Amino acid sequence: MTRSPFRTSWRRRVQSAAALAVAVLLAAACTGGDADDGASDGFDGTIRFGAALSETGGFAGPSADARQGYDTWARWVNEEYGGIRIGESRYRVEIIYRDDESDPDKAAARIRELIDDDEVDYLLGPYSSTLTAPASAEAEASDVILMAGNGAADSLYGRSYRSLFTPATIASDYTRSSIEMLASQGARTAVVAHEDTPFATSVADGALRHLEANGIEVLRATSYPRGVDSVDGLMGELAALEPDVFVGGGHYDDAVLFVRSARDLGFRPDAMLITAGPSNPQLIDDLGADVDGVLGPTQWEPAMSYEGAYFGTAADYAEYYESLWGAPPVYQAASATAAALALHLAIELAGSRDADEVRTALSELDVDTFYGPIRFDERGVNVAKPMGTVQVQDGRIVVVAPAAAAEGDLVYPAR
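Residues numbered from 1 in each chain as written. Predicted model: local features only at pLDDT ≥ 70, side-chain atom pairs only at ≥ 80, totals over all residues. Heavy atoms only, no water.

Which residues make up the overall build of the chain, and what are the values?
Scanning the chain for helices and strands turns up 12 helices and 15 strands. For a compact globule of 415 residues, the expected C-alpha radius of gyration is about 22 Å, and the chain comes in at 22 Å, within 12% of that figure. Its C-alpha atoms give the chain principal-axis dimensions of roughly 80 × 40 × 35 Å. Considering only contacts within the chain whose residues lie at least 6 apart along the sequence, 69% involve residues at least 24 apart. Of the roughly 15900 Å² of accessible surface on the chain, 46% is carried by carbon and sulfur atoms. (Helix = DSSP H or I, 4+ residues; strand = E, 2+ residues; numbered from the N terminus. Rg over C-alpha atoms; globule rule 2.2 N^0.38 Å. Contact = heavy atoms within 4.5 Å. Areas by Shrake-Rupley, 256 points an atom, 1.4 Å probe, with all protein chains shown as cover.)

Structure, rendered in structure tokens:
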């Protein structure tokens, strides 16, 4: 791997940035200058980022995590790092938010407003692939780069878009490390149920491939509509097949439905693998002991061994985040911070705000971070970072895969 130009001491970068910021402030005071657009607070200008996020609607909860992830980066850049650096100039960052109301049509409209009315320079993605699809279409039409923190459906990156990128592992690989680990423990049969949405469908399609590749027979794979308030009938049919493994694809609310339904039906496969929820402490608060033993993919956890010149280690990032918000970060927040950081680093690498030059820099970016390695392929997908797996063990979220990042061993059978 090519050594990144960014792999210098984080503390040294922060200290030098702080010294520079002080010097600029003193110079401005001495000259009596009153430059606008960020210059008055020690910067040479402002770079505006825009994000359509769900303040209301079904995605409001995880969107709040994503917003705090974006704001963590913005606070760090402005207050700790000294602004985005382009040549000898330093730019304050500003993020402008608009509420997409968890609605795809409104997501597209809000992106249009951010571009036309707010005149943002770059875009940060909404929460969910469902909303990232229309948002990225508007960005592509206007030639504005959109960095998707929480949009991982494979279908998003098969459209030959030039302006869409993600630092996350895409959905089809969400279950890979989990399934490989379960196969090694003797799992031989599985059922798959997923919400009929782009993200969950991509996860399920990938799971089917990984199950087959690892010699696990799929007894049944089925989908259900978005927004259902019960999966009892479906879970009853799957329980009757007596699989070793249940794979459930969806979002947080789906995890709640799966676990509660399994409890009520007495459905106890050797492993339950659910693609969103088990990495969130809220699921333990909501479901208690019922979630014990459940597995889930994770983009990132504070216990992972990742580190880089920006934010330091995964644990350092978690500490900084908690100092701002009073609670530890979930991976949706870390993914958002990593998305903004990747775009920030590409702007610095390009030495320019020009979209084409920043795109070129994104294609050349090769950097280790608190979130894991980041290197984009021609689709705009980060191909350097593997997906992790967590298991809830006695009320704790424990990283059990990949081996290099694991803090504990898989419990199997777990149910």
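Just give me the short version of the layout of surface pockets, but keep the residues and values in it.
Its boundaries defined by the atoms lining it, the largest pocket holds a volume of some 490 Å³. For the largest pocket, the lining is made up of 21 residues, of which Gly58, Phe59, His251, Tyr252 and Asp253 are closest to its centre. Quantified by volume, the second largest pocket comes out at close to 230 Å³. Lining the second largest pocket are 15 residues, with Thr169, Asp173, Lys385, Pro386 and Met387 sitting closest to its centre. Considered class by class, the residues forming the lining of the second largest pocket number 7 nonpolar, 3 polar and 5 charged. (1 Å grid on protein atoms, 1.4 Å probe; cavity = no way out; pocket = protein on both sides within 12 Å on 5 of 7 lines; lining within 4 Å. Points joined across faces, edges and corners; volume = space filled by probe spheres on them. Nonpolar A, V, L, I, M, F, W, Y, C, P; charged D, E, K, R; others polar.)

Residues and numbers for unusual backbone geometry, please.
For the bond from Ala401 to Pro402, the omega torsion is -5°, close enough to zero to count as cis. By the element assignment, Pro402 lies in the segment after β15 (396–401). The step from Tyr412 to Pro413 runs through a cis peptide bond, and the omega angle for that step is -5°. Checked against the element boundaries, Pro413 lands in the segment after β15. We note that Asp394 has phi near 50°; this positive angle belongs to a residue other than glycine.

Can you explain empty space enclosed by the protein? Please cite residues and give values.
Under the definition given, this model contains 2 cavities of 30 Å³ or more. Of the volumes computed, that of the largest cavity is approximately 130 Å³. Surrounding the largest cavity, 17 residues form its lining, Tyr127, Asn150, Tyr174, Phe199 and Tyr331 being those nearest its centre.

Which residues make up the packing of aromatic side chains, and what are the values?
Tallied over the entire structure, the rule returns 21 aromatic pairs. Here the aromatic rings of Trp76 and Tyr310 are separated by 6.2 Å at their centres, their planes lie at 80°, and the arrangement is edge-to-face. Linking Trp76 in helix α2 (residues 60–81) with Tyr310 in the loop between β11 (295–298) and α10 (314–325), this pair joins segments that are 234 residues apart in sequence. Given the relative accessible area of 1%, Tyr310 is considered buried. (Phe/Tyr/Trp six-rings, centres within 6.5 Å; stacked < 30°, edge-to-face > 60°. Buried < 20%, exposed > 50% of the residue type's maximum accessible area, 1.4 Å probe, protein only.)

Can you lay out helix α11 (residues 331–350) for me, pointing to particular residues and giving the numbers?
For α11, with 20 residues, the first-to-last C-alpha span of 28 Å sits near the 28 Å given by 1.5 Å per residue. Among the 20 residues that make up α11, 18 are buried, leaving the element largely enclosed by the rest of the structure. Residue Gly351 follows α11 closely and has a positive phi angle near 65°. (Expected span 1.5 Å × (residues − 1).)

Quick rundown of the sheet that holds strand β1 (residues 45–53)? Include the residues and the values.
The strands that make up a sheet pair up through hydrogen bonds in the backbone, lying either parallel or antiparallel. What the 6 strands build is an open sheet, ordered β2-β3-β1-β4-β5-β6; its pairing is mixed. Each edge of the sheet is formed by a strand with only one pairing partner; in this case those strands are β2 (84–86) and β6 (164–165). Pairing of strand β4 (residues 122–124) with strand β5 (residues 146–147), which is carried by 2 bridges, proceeds in the parallel orientation. When the sheet's bridge partners are listed, Leu123 is paired in β5 with Leu146. (Pairing = 2+ DSSP bridges.)

Explain the environment of Asp118 to me, and be specific about the residues and the numbers.
In this structure, Asp118 sits in the loop between α3 (104–116) and β4. Sequence spacing of Asp118 and Gly50 is 68 residues, and the spatial spacing of their C-alpha atoms is 8.1 Å. Not counting chain neighbours up to four residues away, the residues in contact with Asp118 comprise Arg48, Ile96, Arg98 and Glu113. Within the structure, the side chain of Asp118 is placed 2.8 Å from the side chain of Arg98, a separation counted as a polar contact. (Polar contact = N/O pair within 3.5 Å; in protein donor to acceptor, adjacent residues only side chain to side chain.)

Any chance you could break down the packing of α2 against α10 for me, citing the residues and the numbers?
For the pair α2 and α10, the least separation of the axes is 10 Å and the interaxial angle reads 100°. By the angle class used here, α2 and α10 are roughly perpendicular. Side by side, α2 and α10 meet where Asp65, Gln68, Gly69, Asp71, Thr72, Arg75, Trp76 and Glu80 of the first sit next to Tyr317, Tyr320, Tyr321, Leu324 and Trp325 of the second. (Axes fitted to C-alpha atoms, helices over the stretch in contact; angles between N-to-C directions. Parallel < 35°, antiparallel > 145°, perpendicular 65-115°, else oblique.)

Describe the pairing of strand β14 (residues 388–393), and please don't skip the residues or the numbers.
Burial analysis of β14 places 6 of its 6 residues in the buried class, the great majority of the element. Burial of β14 is two-sided: the residues Gly388, Val390 and Val392 facing one way and the residues Thr389, Gln391 and Gln393 facing the other way are all buried. As judged from the 5 bridges shared by β14 and β15, these two strands associate in the antiparallel manner. Bridged to Thr389 within β15 is Ala401. Taking the residues that link successive antiparallel strands as the turn, the β14-β15 hairpin has 2 residues, and the phi of Asp394 there is positive, at about 50°.

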